[in-house]
Amino acid sequence: MNQDQLKQDVARAAIDHIAPKLNKDSVLGIGTGSTANFFIDMLAELKGDFAAAVASSDASAQRLKSQGIEVLDLNEVNELVAYIDGTDESNAQLALIKGGGAALTREKIVRAVAREFICIADESKWVKVLGRFPLPVEVIPMARSYVSRELVKLGGDPVYREGVTTDNGNVIVDVHNLSIVNPKELELQINQITGVVANGLFAHMGADVLLLGRPDGVETIYPN
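Below is a summary of the structure that appears in this document. It should be emphasised that the depicted structure is a prediction, and the values quoted were computed from it without experimental measurement.

1. Looking at the overall build of the chain
(1) Moving on: The secondary structure content of the chain amounts to 6 helices and 13 strands.
(2) Moving on: Taking 2.2 N^0.38 as the reference for a compact globule, 224 residues should give roughly 17 Å; the C-alpha atoms of the chain span a radius of gyration of 17 Å, in line with that estimate.
(3) Moving on: C-alpha extents for the chain along the principal axes are approximately 50 × 40 × 30 Å.
(4) Moving on: Looking at the chain residue by residue over its 224 residues, the buried ones come to 54%.
(5) Moving on: Accessible surface computed for the chain: about 10000 Å², of which carbon and sulfur atoms make up 47%.
(6) Moving on: Distance between charge centres in the chain, computed from 21 positive and 30 negative side chains, equals 2 Å.

The following block contains the structure:
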């Protein structure tokens, strides 16, 4: 079974998970990336069962609209029934690294408004210790060099993601060679660096449930 099939399986599991919770007034938060795209395409089956969606990126918003799903600005919404998105890594506590698609700040904002975060991923994203995937940090452009020097002090090897501008007009620095044994502490430390907009650690607001695609089926995991 290839990776795309596993992603499709977890997207289907997320549809099954969310369907009973929807009503005509429900608004969903939708993330960004290849796994989220599979979910968006399947969500079209339920578009008569909920009101609208909020997207964490312009790309996801366009994909939702192409499926006939109304997209709202988050400022128009008080609460989201759920936020459904993929991840780049997850540990057993369902602390995550996200931001491979450079949408981490908007993803964090959408997650903050959601009652439940349903994370969907294939088994390659499951790790014992976060940090194998480089940690994305969104940075105000003029602060890129300063922030990178501060990230070195935290033990990382920062690399500027050239040619990438976020939907917010900022840049991404990917921090390599981290072994993140205390994700909550590191999330706070990086956020305190002047010039950082947000970092890709979702530890203080991690996933509430992880639907993990494996060759023998989708495993439902709650934080331990």
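Right, picking up where we left off after that structure.
2. Regarding the nonpolar core
Generally speaking, nonpolar side chains in soluble globular proteins are found buried as a group.
(1) Moving on: Grouped together as the largest cluster of nonpolar side chains are 27 residues, with contacts concentrated most on Ile18, Leu28, Ile30, Phe39, Leu43, Leu64 and Ile84.
(2) Moving on: Counting residues per element, this core draws most heavily on helix H1 (residues 3-18), at 6 residues.
(3) Moving on: Among residues more than four places away in sequence, those in contact with Leu43 are Ile15, Leu28, Ile30, Phe50, Leu64 and Ile69.
(4) Moving on: Ranked by size, the runner-up nonpolar core spans 21 residues in total, among them Ala95, Ile97, Leu130 and Leu151.

3. Quick word on a nonpolar patch on the surface
(1) Moving on: A surface patch of nonpolar side chains, about 310 Å² in accessible area, is lined by Ile140, Met142 and Val197.
(2) Moving on: Assignment of secondary structure puts Met142 in the loop between strand S7 (135-139) and helix H5 (144-153).
(3) Moving on: What makes Met142 exposed here is its relative accessible area of 79%.

4. Thoughts on the sheet that holds strand S1 (residues 27-30)
(1) Moving on: Read across the open sheet, the 6 strands follow the order S2-S1-S3-S6-S12-S13; overall the sheet is mixed. Taken across any chain shown, the strands that pair with only one partner, and hence form the sheet edges, are strand S2 (52-55) and strand S13 (217-221). On average, adjacent strands in this sheet sit at an angle of 20 degrees to one another, irrespective of strand direction.
(2) Moving on: Bridge count between S1 and strand S3 (residues 82-85): 3 bridges; the pairing is parallel. In the strand pairing of S3, Gly29 is matched with Tyr83.

5. Overview of H5
(1) Moving on: For H5, every residue scored as buried is listed here: Val147, Ser148 and Leu151. All buried residues of H5 fall inside an arc of 100 degrees around its axis, so they share one side. Along H5, the residues that are exposed and aim more than 90 degrees away from the buried face are Arg149 and Lys153.
(2) Moving on: Contact partners of the buried residues in H5: S7, strand S8 (157-160), strand S9 (171-176), helix H6 (183-191) and strand S10 (196-199).

6. With respect to H1
(1) Moving on: Taking 1.5 Å as the rise per residue, H1 with 16 residues should run 22 Å; its terminal C-alpha atoms sit 23 Å apart, in good agreement.
(2) Moving on: Those residues of H1 not exposed but buried are Leu6, Lys7, Val10, Ala11, Ala13, Ala14, Ile15, His17 and Ile18.
(3) Moving on: Against the buried residues of H1 lie S1, helix H2 (34-43), S3, strand S6 (117-122), strand S12 (209-214) and S13.
(4) Moving on: For H1, the capping residue at the N-terminal end is Asn2, with a side-chain oxygen 3.2 Å from the backbone nitrogen of Asp4.

7. A short note on the pattern of salt bridges
(1) Moving on: Taken as a whole and assessed by the stated rule, the structure comprises 15 salt bridges.
(2) Moving on: With a closest N to O distance of 2.7 Å, Arg115 and Glu79 form a salt bridge. Taken as a pair, Arg115 in the loop between helix H4 (104-113) and S6 and Glu79 in the loop between helix H3 (58-66) and S3 lie far apart in primary sequence, 36 residues in all.
(3) Moving on: Note on Arg115: relative accessible area 52%, which makes it exposed.
(4) Moving on: On the accessibility criterion, Glu79 (42% relative accessible area) is partly exposed.
(5) Moving on: Arg214 is the salt-bridge partner of Glu219, the closest N and O atoms lying 2.7 Å from each other.
(6) Moving on: For Arg214, a relative accessible area of 22% gives the class partly exposed.
(7) Moving on: Among the ionic contacts, a cluster of salt bridges with common partners joins Asp85, Lys98 and Glu107.

Quick notes on the rules
Residues numbered from 1 in each chain as written. Predicted model: local features only at pLDDT ≥ 70, side-chain atom pairs only at ≥ 80, totals over all residues. Heavy atoms only, no water. Helix = DSSP H or I, 4+ residues; strand = E, 2+ residues; numbered from the N terminus. Rg over C-alpha atoms; globule rule 2.2 N^0.38 Å. Buried < 20%, exposed > 50% of the residue type's maximum accessible area, 1.4 Å probe, protein only. Areas by Shrake-Rupley, 256 points an atom, 1.4 Å probe, with all protein chains shown as cover. Lys, Arg positive; Asp, Glu negative; His and termini not counted. Charge placed at Lys NZ, Arg CZ, Asp CG, Glu CD. Core = buried A, V, L, I, M, F, W, Y, C linked by side-chain atoms within 4.5 Å. Contact = heavy atoms within 4.5 Å. Patch = residues over 30% accessible without salt bridge, like charges linked within 9 Å, V, L, I, M, F, W, Y side chains within 5 Å. Salt bridge = Lys/Arg side-chain N within 4 Å of Asp/Glu carboxyl O. Pairing = 2+ DSSP bridges. Axes fitted to C-alpha atoms, helices over the stretch in contact; angles between N-to-C directions. Arc of directions from axis to C-beta. Expected span 1.5 Å × (residues − 1). Polar contact = N/O pair within 3.5 Å; in protein donor to acceptor, adjacent residues only side chain to side chain.

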